[in-house]
Amino acid sequence: MHYLLELYSPKPAWLALDGAARQAYFATVGAGMAALSGSGAEALAMGAIDGGKLHAACQRFYAVWRFPDEAALDALLAGIAATGWHDYFDTVNAAGPAVDFPAHLAQLAAV
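In what follows, the accompanying structure is described. (Residues numbered from 1 in each chain as written. Predicted model: local features only at pLDDT ≥ 70, side-chain atom pairs only at ≥ 80, totals over all residues. Heavy atoms only, no water.)

1. Here's the deal with the overall build of the chain
To keep it simple, the criterion reads: Runs of H or I in DSSP of at least four residues are treated as helices and runs of E of at least two as strands, each being numbered from the N terminus. For the exposure calls, accessible area comes from a 1.4 Å probe over protein chains only, and a residue counts as buried if that area is under 20% of its type's maximum, exposed if over 50%, partly exposed in between. For this analysis, residues touch if any pair of their heavy atoms sits within 4.5 Å. Working definition of accessibility: Shrake-Rupley area with a 1.4 Å probe, residue cover restricted to the visible protein chains. Neither His nor the chain ends is counted toward charge; the positive residues are Lys and Arg and the negative residues Asp and Glu. Charge positions come from single atoms, namely NZ of Lys, CZ of Arg, CG of Asp or CD of Glu.
Across its full length, the chain holds five helices and four strands. Element order for the chain, N to C, with α for helix and β for strand: β-α-α-β-β-α-α-β-α. Each principal axis of the C-alpha distribution contributes one length, and for the chain these read about 50 × 35 × 20 Å. Out of the 111 residues belonging to the chain, those deemed buried represent 23%. By sequence separation, contacts in the chain at least 24 residues apart represent 73% of the contacts at least 6 residues apart. Surface exposure of the chain reaches about 6,900 Å², of which carbon and sulfur atoms provide 62%. The distance from the centre of the 5 positive side-chain charges to the centre of the 10 negative ones in the chain is 11 Å.

In C-alpha cells, the structure reads:
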C-alpha cells in the first residue's frame, strides 16, 4: 500500500473567487475524481487542521489517501494537478509506501 498526506492552504486566487466560481471549480474537481474512480485511490480522511495541537502544521487543511500501488498514487497527483488545484491552493505532499513500526524505526536508524 502507498499513502499520500496532502496539506494545503488557499492562495489569494482562491480567496478572490466568488461562491459561484468556487462551485464551478468544484464541479471540475469532481469530474476529475470520477475519471480516477477505477484506480483504487481511496480517500481516508479530509478536514481542517487543528492549529491548537502540539507541532501543528501551518497549512489549514489536510487529506489522507490510500492506494494499492505507486501508479495509482501518481495518477491521483497528476489528476489533481490537471484540475488547476495548485493555482488555488499552496500544497505540500508527503507520499510513499507504508511500512510497519519496526521497519520505520530501521529507516530512521539508517539515516
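2. Observations regarding the sheet that holds strand β4 (residues 89–97)
Our working rule: What makes two strands pair is DSSP finding at least two bridges between them. A fitted line through C-alpha atoms serves as each axis, taken over the contacting stretch for helices, and the angle formed by two N-to-C directions is quoted from 0 to 180°.
If you walk across this open sheet you meet the four strands as β2-β3-β1-β4, and the pairing is antiparallel. The open sheet is flanked by β2 (42–48) and β4, the only strands paired with a single partner. On average, each strand axis in the sheet is tilted by 15° relative to the strand beside it, whichever way the strands run. With nine bridges connecting them, strand β1 (residues 2–10) and β4 associate as antiparallel partners. The residue bridging Ser9 from the neighbouring strand is Asp90, located in β4. Relative to the sheet, helix α3 (residues 70–82) contacts β1, β3 (61–67) and β4, its axis offset from that of β1 by approximately 15°.

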